[in-house]
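# Observations on the three-dimensional arrangement
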Amino acid sequence: MFESLIGLVAIIALFVIISRQQSRIGLVERELGALRSLVLSGAVPPAAQSSEQVDDNAPADMAPDAAAATDIVPPEVSASVTAPAPATDTEDSTGEIVSGPWTAPEPAPKAVDPAELPGAAKAARQSDVETALGTRWAVWVGGIALALGGLFLIRYTIEAGIFGPGVRLAMAGVLGLVLVAGGEFIRRTGFKVPVQGAAGAYIPAILTAAGAFILFGTVYAAHGIYGFIGPALAFTLLGVIGVATIAAALVHGQALAGIGLVGAMVTPVLVASQAPNPWALFGYLAIVLAATGVIARMRAWTSLMAAAFFGTCVWTILYMTDARGANLSAILFIDAVTLAVLALVWLARRGDETGQARVFDWPSIVPGLFIAFSALGLSVDPVFAAAGDALPGAVVIAAMVAVALYRPLALPLLYAAGLVMVLIYLGIIPPTSIASDFSGGALGVDGLPVATSNALTLRIGIVLGLVFIGAGFWAARRFAAGTQIRAASWAAWGVIVPLVVLLALWFTFGNLDRDFVYAAAAALLVVIFAAGGEWIARAEEPPLKGGVAVSFALGGAAIAGLLLMHMAFDSGWTTILLGAAAIVPALATRRRAYPVLGWISVGAVIAVLGRVAFDPTIVGAGFLSRTPVFNWLLPGYGVPALAFGFAAWQLARTTNGRPRLAMEAAAALFALLTLAMLVRHAMHGGVIDTGAMTLAEQSIYTLIAIGAGAILVAIDMRSPSSVLRYGSMAAGVASVAFIVVRHFVLLNPLFTDESTGRIPVFNLLFLAYLLPAVAVGALALYTRDKRPKWYAQMLAVVAAALAFAYATLSVRRLFKGEFIGLWSGLGQLETYTYSALWLVIGVALLTAGVWLKSQVLRIASAALIAIAVLKVFIFDMSELEGVLRALSFIGLGAVLIGIGLFYQRLLTRAAKEG
């Protein structure tokens, strides 16, 4: 049934192709006559000119591509010609086939654009369909039909019993060889592709591919079905066919090489053996890989090379999955062959290795990933690790670094080797061990230390860390004046790997409390990285500009210094020294204007913030003294604040960039934190991490924030800075938010019934409302001409609200005493006093608004008086009795009349002045 369906489809396709081909032949004959007439008349179409300029020395495998550029002349042009003449084929002096027109090239004084001729678009559409059917589809279907026909012939003879197995296989082999020979014969006897779009259907290559396909099937049947030949001979024959097919691609194109490579890589699966020999497998793969590398290098076929690497590496990983039966020497052999083919064959003699055109060669990614994976397996897999294969795994990693150093385009090998080192040494840390079991096909985290956490791992880590440092800094200096990305990559991995190794070894083998041996190693890394960064910077162009590679080196020195402090000092001293360390890179900007130096200071800020967020007590709650002020909080927060301020001052005189602004903000933040933490410590009896916040404590924080806003404004006036400008406004807004949320609502004694103190004047209300009112009012007055208008107006309104709250709550305390909660009720005299007081405050605000020429205060006065009016008419009328009610209305009336008279006098004076 299947064969009948294929036959029917083939007959229909053949009928369509033949009918189309007849019209196509007629069209080609007319075009030939048109081209000849145009040449004789002196007018050559542009397409013909371009095709005539094809290089006569182009290789044969490029002929179809060159021929694809040849255009065709519309039928309208050919129809106007009455004397067609046949053309003659041409060949170059080397005997190779040259695609293009069939006439000798002649210079044309004037070109005719076929697109301008009538009917050009219609002819182009017709030619597209005809080209697809008559040139490409016919060839493709024909090639597939030939390959399937050979297999069907073998099957038919089996079912019919016409010939024996040996004869049938011989016939199939002969058919395959005939197809290969036919393809070569057509190629050598003048095959050309004269039609646009037919280059993708190169007939010699398709015939050769069909022949190779039949030969693969014949050899496999001889071994796998009939058993005529043994595994060794079948393996050899299939390999020879695959390699020969790849070699034939030199003259037939990359597609044929892909077919041969697939057949060669599938061969080990087709040939089964009772006692598989890994050396035979990897020896065969080495030959295929080397042959493919040579051919891909000659033609610059990157996809073919990447596919060859992929197939070889997949076989290696599949072999390693059987870890208990794996042969270490065979694994190392194929890894070495892969690296050798990459370095000595594929990347050999490339002129752009140090240029800017390409940073890396993308086929190198494939061997980099797979070889690194095999190195990871040798180092981490329990079976390999127990056999002591961690050392060969380290050798593989070192070889990857060496190849990347020898061939700069093999940069992916560096990334792969560095990533594997990071995974291996993060995996030896006991809490986060990465365990791998290749035999079970799993890779995961099991929380247990792997078998490689031993003295050998320590020694390997030290040696490979030195390898990465030496190679990384040497290569970074080599490329510093040219390819910046390549230099940065080497410098980065030259820093990352040693730091990860040091951290992992310290966590695994060192003393986490204090370890001077590892601290000395960290100090040595600080010196090496800093000196390496300077060494790289001297090779830059221009020298000492501090590029990305230098930034990685100096950043690594900073991280090594961070590890040094954690290894050598306890918690308190580590925080203090980290803050003080921000001065060092700031001072270094006096000698070198490297951009990274300022950001290293910012990194110190981040490190200190992380430490105080983890432990706000600096030394731990159990070791913090209860002595006010003079305890670990003062140097723990104060020293970083001073150091950050000095670093900002220094950076302002050297680099003066964004790091300076960040250091200014950090200095202001830690100054506030110092005061806030000392206040909380003092008000909670030496304990800062327990106890609910009180209004008194919040009042101190609010005053600190207000003062910080004023200080930042004053500093900004002397040394303008966007950080200081917006930081001062942020402090003011934060202060207002604290006041509105906490002073007026959450911690208000009216709602909490908190004790206001027994002292008549200097009590909680004085601290929580009067002092903030004065401070906010002074800040509003100070910032009137220095900050946006809305900011000063906001502060003025809040100051008026605080003053109003202080006066009102003071009246409440006068009548109720120490506790002024709302649930204690209101007396008539107290109610009348509020009305009188609010009117007085309203008049005072009006006076201040006129004197200070502040519209905000005048509006606040109007609002407060309006509240007093509502209170008198709504509340006092119903609650007060007798003389108090009368006095309330009399006072309100007198105040309102006085305000009206005041405004009339004010407006009259303004009118006279106008």
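Below, the structure is looked at part by part. (Residues numbered from 1 in each chain as written. Predicted model: local features only at pLDDT ≥ 70, side-chain atom pairs only at ≥ 80, totals over all residues. Heavy atoms only, no water.)

The next subject is the overall build of the chain. Across its full length, the chain holds 33 helices and four strands. Split into buried and exposed, the 914 residues of the chain put 45% on the buried side. Contacts spanning at least 24 positions in sequence make up 73% of the contacts within the chain whose residues lie at least 6 apart. Accessible surface for the chain amounts to roughly 42,900 Å². Of this, 70% is attributable to carbon and sulfur atoms. (Helix = DSSP H or I, 4+ residues; strand = E, 2+ residues; numbered from the N terminus. Buried < 20%, exposed > 50% of the residue type's maximum accessible area, 1.4 Å probe, protein only. Contact = heavy atoms within 4.5 Å. Areas by Shrake-Rupley, 256 points an atom, 1.4 Å probe, with all protein chains shown as cover.)

Attention now moves to a nonpolar patch on the surface. Residues Phe360, Trp362, Ile365 and Leu369 make up a contiguous nonpolar surface patch of about 380 Å² in total accessible area. Mapped onto the elements, Leu369 comes out in helix α13 (residues 365-380). (Patch = residues over 30% accessible without salt bridge, like charges linked within 9 Å, V, L, I, M, F, W, Y side chains within 5 Å. Salt bridge = Lys/Arg side-chain N within 4 Å of Asp/Glu carboxyl O.)

By size, the foremost hydrophobic cluster in this structure holds 107 residues, and its most contacted members are Ile397, Tyr425, Phe468 and Trp490. For this core, the element with the most residues is helix α18 (residues 484-509), which contributes 13 residues. With residues up to four places along the chain from it excluded, the contact list for Phe468 reads Ile397, Val401, Leu414, Ala417, Gly418, Met421, Phe473, Trp493, Gly494 and Val497. (Core = buried A, V, L, I, M, F, W, Y, C linked by side-chain atoms within 4.5 Å.)

On to helix α24 (residues 633-652), then. Given a rise of 1.5 Å per residue, 20 residues ought to cover 28 Å, and the 28 Å separating the end C-alpha atoms of α24 matches this to within 8%. Within the span of α24, buried status applies to Leu633, Gly636, Tyr637, Gly638, Pro640, Ala641, Ala643, Phe644, Ala647, Ala648, Gln650 and Leu651. Looking at the buried positions of α24, the neighbouring elements they touch are α21 (571-581), α22 (583-588), α23 (595-614) and α25 (658-683). (Expected span 1.5 Å × (residues − 1).)

Using the criterion set out here, one finds 13 aromatic pairs in the structure. Taken together, a centroid distance of 5.9 Å and an interplanar angle of 85° make the contact between Trp790 and Tyr791 edge-to-face. Three or more aromatic residues joined by ring pairs form one cluster here, namely Tyr637, Phe644 and Phe670. Across from the ring centre of Phe479, 5.2 Å away, lies the NZ or CZ of Arg486, which sits over that ring. A cation sits over an aromatic face here: Lys786 above Tyr782, 4.4 Å from the ring centre. (Phe/Tyr/Trp six-rings, centres within 6.5 Å; stacked < 30°, edge-to-face > 60°. Lys NZ or Arg CZ within 6 Å of the ring centre and 35° of its normal.)

This next bit is on the side chain of Thr312. Residue placement: Thr312 occurs in helix α11 (residues 302-320). Those residues in contact with Thr312 that lie beyond four places of it in its chain are Met265, Leu285, Leu289, Ile334 and Thr338.

This next bit is on the environment of Phe468. With respect to the helices and strands, the residue Phe468 is situated in helix α17 (residues 455-479). Residue classification places Phe468 among the buried positions, given a relative accessible area of 2%. Measuring from C-alpha to C-alpha, the distance between Phe468 and Ala492 comes to 9.8 Å, with 24 residues separating the pair along the chain.

Turning our eyes to something else, we now look at empty space enclosed by the protein. In this structure the tally under the stated criterion is five cavities of 30 Å³ or more. Volume-wise, the second largest cavity comes out at about 90 Å³. The wall of the second largest cavity is formed by 12 residues, among which Ser379, Ala390, Ile424, Tyr425 and Ile460 lie closest to the centre. Those elements that place two or more of their residues in the lining of the second largest cavity are α15 (390-406), α16 (411-427) and α17. The dominant element in the lining of the second largest cavity, judged by the number of residues it contributes, is α15, at four residues. Here the lining of the second largest cavity is composed, by residue class, of eight nonpolar, four polar and no charged. (1 Å grid on protein atoms, 1.4 Å probe; cavity = no way out; pocket = protein on both sides within 12 Å on 5 of 7 lines; lining within 4 Å. Points joined across faces, edges and corners; volume = space filled by probe spheres on them. Nonpolar A, V, L, I, M, F, W, Y, C, P; charged D, E, K, R; others polar.)

Before going further, it helps to examine the packing of α24 against α25. For the pair α24 and α25, the least separation of the axes is 8 Å and the interaxial angle reads 160°. As the angle between them shows, α24 and α25 are arranged roughly antiparallel. The handedness of the crossing between α24 and α25 comes out as left-handed. Residues of the contact of α24 with α25, tallied by class, amount to 19 nonpolar, four polar and two charged. (Axes fitted to C-alpha atoms, helices over the stretch in contact; angles between N-to-C directions. Parallel < 35°, antiparallel > 145°, perpendicular 65-115°, else oblique. Left-handed = near helix turned anticlockwise from the far one by under 90°.)

This part covers the packing of α15 against α16. Relative to each other, α15 and α16 sit at 155°, their axes nearing to 8 Å. As judged from the angle between their axes, α15 and α16 are roughly antiparallel. The two elements α15 and α16 meet at a crossing, and its hand is left-handed. In this structure, α15 contributes Ile397, Met400, Val401, Val403 and Ala404 to the contact, and α16 contributes Leu413, Leu414, Ala416, Ala417, Val420, Met421 and Ile424. Among the residues making up the contact of α15 with α16, the classes are represented as 12 nonpolar, no polar and no charged.

Summarising the element assignment, Leu678 is placed in helix α25. Along the primary structure Leu678 and Trp632 are separated by 46 residues, whereas in three dimensions their C-alpha atoms are 9.9 Å apart. In this structure, Leu678 is in contact with Val629, Asn631, Leu633 and Leu634, ignoring residues within four places of it in sequence.

A few words now on helix α10 (residues 278-299). Taking 1.5 Å as the rise per residue, α10 with 22 residues should run 32 Å; its terminal C-alpha atoms sit 31 Å apart, in good agreement. Looking one or two residues beyond α10, the residue adopting positive phi is Ala300, at roughly 55°.

Glu541 connects to Pro542 through a cis peptide bond whose omega is 0°. Following the sequence through the fold, Pro542 ends up in the loop between α19 (516-537) and α20 (548-568). Phi at Val629 takes a positive value of approximately 70°, unusual for a residue other than glycine. Along the chain, the position of Val629 falls in the loop between α23 and α24. In this structure, Asp753 takes a positive phi of about 60° despite not being glycine. Positionally, Asp753 belongs in the loop between α28 (749-752) and α29 (764-782).

Here we take up the pattern of salt bridges. Overall, the coordinates contain six salt bridges when judged by the stated rule. Among the salt bridges present, the one from Arg538 reaches Glu534, with a minimum N-O distance of 3.2 Å. Note that Arg592 and Glu534 form a salt bridge whose closest N and O atoms lie 2.7 Å from each other. Taken together, the residues span a long stretch of sequence, with Arg592 in the loop between α22 and α23 and Glu534 in helix α19 at a distance of 58 residues. Three or more residues joined by partner-sharing salt bridges are found here, namely Glu534, Arg538 and Arg592.

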